[in-house]
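What follows is the residue order along each chain.
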Amino acid sequence: ACDTIGPAYRQLIGLNLVVFACQFIAQRAVADPSDYERPIRTWMLQPDAFRWFQPLTSAFLHAGVWHIAGNMIFLWVFGPSIEDRLGRWWFLLFYICGAYAAAGLHVAVEHAPALGASGAIAALTGSYLVLFPRTHVKVLFLLLGQRETEVLPGFEDVVQVFNSGPEFQKEIVLGNLLLVGERT
């Protein structure tokens, strides 16, 4: 039965997109722009008003189009290999545990609310580094040329994505940066 509904990573991408569309519609329906978070406040990770379900529900909420696009690109690139190695159910459990672990760390060190799949995606990215230490990842800069590197040194490029400003992140989503896994 599981084979008929496709790989879990695709289902996670689909679920993230459906939840984001619902979130987008609900937030646009708010009359007062200063109360933009109201429709999702209960479901966001709230360190000062923590509830057990928030680490999971907040992992399916995103701050905007570029936020969800970046997370889903990483899920699309790293998810298939990890799911193949772990299997469907262990992959899903690992993804959820990654969301909970990241939320726990956030609650421990921060008081601001949070949302997004970045914690679960970071867990997948880290597991990719552990499970496939010799895999080459091509990082393609369409405007700047091509550079191939080992996954761990290439991880610096990935970190730069998260430390960069919105303009660089837009370029990535628009296709100026493409991560492609290649086994060697």
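Bear in mind that the values here come from a model prediction, so they are computed numbers and not experimental data. (Residues numbered from 1 in each chain as written. Predicted model: local features only at pLDDT ≥ 70, side-chain atom pairs only at ≥ 80, totals over all residues. Heavy atoms only, no water.)

**Q** Quick question: what am I supposed to make of the packing of helix H4 (residues 88-109) against helix H5 (residues 118-131) here?
**A** Axis angle and axis distance: for two packed helices, these are the angle between their axes and the distance between the axes, and together they describe the pair. For the pair H4 and H5, interaxial distance at closest approach is 7 Å and the crossing angle is 120°. It follows from the interaxial angle that H4 and H5 lie oblique. When you trace H4 past H5, the crossing you get is right-handed. On the side of H4, the interface is formed by Phe91, Phe94, Tyr95, Gly98, Ala99 and Ala102, while H5 contributes Gly119, Ala120, Ile121, Ala123, Leu124 and Ser127. Tallied by class, residues from the contact of H4 with H5 come to nine nonpolar, three polar and no charged. (Axes fitted to C-alpha atoms, helices over the stretch in contact; angles between N-to-C directions. Helix = DSSP H or I, 4+ residues; strand = E, 2+ residues; numbered from the N terminus. Parallel < 35°, antiparallel > 145°, perpendicular 65-115°, else oblique. Left-handed = near helix turned anticlockwise from the far one by under 90°. Contact = heavy atoms within 4.5 Å. Nonpolar A, V, L, I, M, F, W, Y, C, P; charged D, E, K, R; others polar.)

**Q** Teacher, can you tell me more about the pattern of salt bridges here?
**A** Where charged atoms from two side chains of opposite charge come close, those side chains can pair. A complete count under the given rule lists two salt bridges for this structure. Of the charged contacts in the structure, one is a salt bridge between Arg38 and Asp35, with a shortest N-O distance of 2.9 Å. In this structure Asp35 comes out as partly exposed when scored by relative accessible area, which is 21%. With a closest N to O distance of 3.1 Å, Asp35 and Arg41 form a salt bridge. Classification of Arg41 by relative accessible area gives partly exposed; the value is 36%. (Salt bridge = Lys/Arg side-chain N within 4 Å of Asp/Glu carboxyl O. Buried < 20%, exposed > 50% of the residue type's maximum accessible area, 1.4 Å probe, protein only.)

**Q** Looking at this model, I keep getting lost on the side chain of Asn71. Mind explaining?
**A** On the secondary structure map, Asn71 appears in helix H3 (residues 65-86). For Asn71, the residues in contact, after removing those within four places along its chain, are His62, Gly116, Ala117, Ser118 and Ile121.

**Q** Would you explain the nonpolar core in this entry?
**A** Soluble globular proteins: nonpolar side chains tend toward being buried together. Counting 25 residues, the largest nonpolar core has Leu12, Leu75, Ile82, Phe91, Tyr95, Ile121 and Leu124 as the members making the most contacts within it. When residues of this core are traced back to their parent elements, those giving at least two are helix H1 (8-28), H3, H4 and H5. Residues in contact with Leu124, not counting those within four places in the same chain, are Leu75, Ile82, Phe91, Phe94 and Tyr95. (Core = buried A, V, L, I, M, F, W, Y, C linked by side-chain atoms within 4.5 Å.)

**Q** Which parts of the structure should I look at to understand the side chain of Gln23?
**A** Structurally, Gln23 can be placed in helix H1. A polar contact of 2.6 Å, which involves the side chain of Gln23, links it to the backbone oxygen of His62. Setting aside chain neighbours within four positions, we find Gln23 in contact with Ile40, Leu61 and His62. (Polar contact = N/O pair within 3.5 Å; in protein donor to acceptor, adjacent residues only side chain to side chain.)

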